[in-house]
Amino acid sequence: MSEQTETIKPEPATARKDSKETQVGSVFVSNYPPYSFWRKDNMPVLMDVLNSSTNSPIETPLGLYLHIPFCRKRCKFCYFRVYTDKNSSEIETYLDALAREVSLYSKLPRFHGRPLTFVYFGGGTPSYISVKHLKTLVNRLKASMPWDDAEEIAFECEPGTLTQSKLAAIKEIGVTRLSLGVENLNDAILNENGRAHLSKEVYAVVPWIKDLEFEQVNVDLIAGMVGETWASWRDTVKKTIDLDLDSITVYQMELPFNTVYSNDILGGGTGLSVANWKTKREWHQHAFEQFAAAGYEASSAYTMVKKGSPINFVYRDAVWHGCDMIGAGVASFSHVGGVHFQNASVWDDYIRLLNQNELPHDRAFPTTPREQLIREMILQLKLGKIETGYFREKFGADISELFGSTYKKLRDEGMLTYSSNEISLTRKGLLQVDQLLPEFYQPKYRNARYT
Ligand code: SF4
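Quick caveat, the model's predicted, so the values are computed rather than measured.

Peer 1: Could you give me a rundown of the site of the ligand, with the residues and numbers involved?
Peer 2: Neighbouring the ligand are the residues C71, R74, C75, C78, F80, V82, G123, G124, T125, E158 and G181. Looking at the shell around the ligand residue by residue, the class counts come to five nonpolar, four polar and two charged.

Peer 1: Just give me the short version of the domain arrangement of the protein chain, but keep the residues and values in it.
Peer 2: By domain assignment, the protein chain separates into domain 1 (1-21 + 368-451) and domain 2 (35-317). Distance from the C-alpha centre of domain 1 to the C-alpha centre of domain 2: 26 Å. At the interface, 14 residues of domain 1 touch 14 residues of domain 2. Counted by class, the side of domain 1 that touches domain 2 contains seven nonpolar, three polar and four charged residues.

Peer 1: Talk me through the pairing of strand β9 (residues 324-328); I want residue IDs and the actual numbers.
Peer 2: Burial within β9 is extensive, with five of its five residues counted as buried. Judged by which residues are buried, β9 turns out to be covered on both faces: D324, I326 and A328 on one side and M325 and G327 on the other are all buried. In the sheet, strand β1 (residues 62-68) pairs with β9 via five bridges, with the strands oriented parallel. Its bridge partner lying in β9, Y65 is registered against G327.

Peer 1: Requested: an account of unusual backbone geometry, with residues and values cited.
Peer 2: Residue Y32 is joined to P33 through a cis peptide bond whose omega torsion reads -5°. Among the secondary structure elements, P33 is positioned in the segment before α1 (43-50). A cis geometry characterises the amide bond from G123 onward to G124, with omega recorded as 15°. For G124, the location among the structural elements is in the loop between β2 (116-123) and α3 (131-144). The phi angle at N258 is positive, at roughly 65°, despite the residue not being glycine. Phi at N357 is positive, roughly 60°, even though this residue is not glycine.

Parameters at a glance
Residues numbered from 1 in each chain as written. Predicted model: local features only at pLDDT ≥ 70, side-chain atom pairs only at ≥ 80, totals over all residues. Near = placed C-beta within 6 Å. Nonpolar A, V, L, I, M, F, W, Y, C, P; charged D, E, K, R; others polar. Domains from an automatic or database assignment. Contact = placed C-beta atoms within 7 Å. Buried ≥ 20, exposed ≤ 12 C-beta atoms within 10 Å, placed from the backbone. Helix = DSSP H or I, 4+ residues; strand = E, 2+ residues; numbered from the N terminus. Pairing = 2+ DSSP bridges.

What follows is the structure, given as structure tokens:
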């Protein structure tokens, strides 16, 4: 029986490797199966899917993710492909390649006649590029893939890169959700962790942002940055509430491979202290309690939104429900017609391939129905609640039977509750959701490197 036609059998529960300390190699679960299993030799399967229009129903939402890989400085906890040394002409070269890439996709049968449901400018720092560069890029992108009817245009910003005129340009290109990478409001902590901005830049831009009345403005925070204490975290939480924005997202500090901090630790560096998981969860919980008292309610394991505000997370929900997404840009990740793929992860390769008018793919992974089901189930668990009916309808599978032994084990540990209709994470489970999800992996992917 081939992987693509396998029947879906129940998965046994396995023990979780609980670690008290934040160790190098800890990860935020953003996809499944793990990236380390994606291969170059899967490229022919990918091209078959892109060149056909039949594999996924036309109503599958389609989104576009644009990776803008420039930052003023590399944060010491950052593992993304970013460049801090590119001049204006190199940025222009990159944006030209990015526009060409999207144009190449627009000509493929897979995408004919399909509107974009969302566009996401991520990075890196999309707000790093100039107004002139941004407008030229958007005009070229829209000429190949119009997005005037998209439900959401999201744009990530670093406070210190924003000016009033740049914000006006961001609004003018149709951005509906602005996400402000604040991370912390203590200058000593921002400085220690290598952030390019300080708190005064946050306070300078928030009034400009409010004046422009974006549909939604989100603030990102990280619980557990190096140097954090209970006193400094309480203060950051309070000051974030005082900013009075639409939603607040809290991530817990991870130590993935290939960050300045992780390399320092692996190289024997001493004196570096990242709070342990228990402390980070307590800080996360404290923040959520304070936000709730200030009128916010949970929208996922990470995000709280102002109660009663008509806020949608189109990108998040589409990706977690298995949409097709073109990820354009160096090292970007895509998912189309059940196939994961990643672009060339090095600048020169990415630019060279697009100069040759070739799609800049590097590796791919065709997923089986079981892998698609597990991917959606674990990602949707981050919402706090999943409905068995959704999986029955989409995959013809009863998740309470398939994953029954793992749900039971996690229920006995106080992480979730379940009935025949839904599975709900408890607060305890939500606070450590990324450590729980690997328990649902198929055995061949457990204990393997994630990236
Ligand atoms: S601003 Fe974001 S993308 Fe840039 S280095 Fe810092 S964490 Fe990485």
